Amino acid sequence: MAPADHRITLLGKPGCHLCDDARAVVERVAGELGVAWEERDITASPEDQAEYWEMIPVVLVDGVQHTYWRVDETRLRAALAR
């Protein structure tokens, strides 16, 4: 699978400084590799709040949890290379 065939989802909430840090990494990696990504505000969904509140930011790759709290750029690139 080519990197561009993947999709990244960043789960966070407004005012979260870790989410801002994660967004910068996701934007850079996705932009360089041509990977589509989206950001989802967990405060808009009771289900997302219940599941992810203590873990944000959370990064999903193709709908599967990849990481939370801090995004390691090297690890994210490796996941997208699979």
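Note: the structure precedes this text.
Residues numbered from 1 in each chain as written. Predicted model: local features only at pLDDT ≥ 70, side-chain atom pairs only at ≥ 80, totals over all residues. Heavy atoms only, no water.

Applying the stated criterion across every chain yields a total of 1 aromatic pair. Ring centres of tyrosine 68 and tryptophan 69 lie 4.8 Å apart, and the angle between their planes is 70 degrees; on these two criteria the pair is classed as edge-to-face. For tryptophan 69, a relative accessible area of 45% puts it in the partly exposed group. (Phe/Tyr/Trp six-rings, centres within 6.5 Å; stacked < 30°, edge-to-face > 60°. Buried < 20%, exposed > 50% of the residue type's maximum accessible area, 1.4 Å probe, protein only.)

Right, let's talk about unusual backbone geometry for a bit. Cis peptide bonds are those with omega within 30 degrees of zero, and the linkage from isoleucine 56 to proline 57 qualifies with -5 degrees. Position of proline 57 relative to the elements: it lies in the loop between helix H2 (46-52) and strand E3 (58-61). Positive phi, normally seen in glycine, also occurs at aspartate 62, with a value near 55 degrees. With respect to the element layout, aspartate 62 can be found in the loop between E3 and strand E4 (64-68). We classify aspartate 62 as partly exposed; its relative accessible area is 40%. Even without glycine at this site, tryptophan 69 takes up a positive phi of about 65 degrees. Here tryptophan 69 lies in the loop between E4 and helix H3 (73-80). (Helix = DSSP H or I, 4+ residues; strand = E, 2+ residues; numbered from the N terminus.)

Let us now look at the pattern of salt bridges. Summed over all chains, the structure comprises 8 salt bridges. As a salt-bridge pair, arginine 70 and aspartate 21 come within 3.9 Å of each other at their nearest N and O atoms. Of this pair, arginine 70 sits in the loop between E4 and H3 while aspartate 21 sits in helix H1 (residues 17-33), placing them 49 residues apart in sequence. Judged by relative accessible area, arginine 70 falls into the exposed class, the value being 56%. Overall, aspartate 21 belongs to the partly exposed group, its relative accessible area being 43%. When salt bridges that share partners are traced, they join Arg28, Glu32, Glu73 and Arg77 into one network. (Salt bridge = Lys/Arg side-chain N within 4 Å of Asp/Glu carboxyl O.)

It is worth spelling out the pairing of strand E2 (residues 36-41) at this point. As defined by bridge partners, strand E1 (residues 7-12) adjoins E2 across 6 bridges and the pair is classed as parallel. In the sheet register, leucine 10 faces E2, and the bridge partner there is glutamate 39. Chirality of the crossover, the property in question, places the unit of E1, H1 and E2 among those that are right-handed. (Pairing = 2+ DSSP bridges. Right-handed = clockwise from strand over helix to strand, strands pointing away.)

The end-to-end C-alpha distance of H1, which contains 17 residues, comes to 25 Å, matching closely the 24 Å that a straight helix rising 1.5 Å per residue would cover. Among all positions of H1, only Leu18, Cys19, Ala22, Val25, Val26, Val29 and Ala30 are buried. For H1, the angular spread of buried residues about the axis comes to 125 degrees, placing them on one side. Away from the buried face of H1 by more than 90 degrees, exposed residues His17, Gly31 and Glu32 are located. Where H1 is buried, its residues touch E1, E2, E3 and H3. Positive phi appears at glycine 34, one or two residues downstream of H1, with a value of about 70 degrees. (Expected span 1.5 Å × (residues − 1). Arc of directions from axis to C-beta. Contact = heavy atoms within 4.5 Å.)

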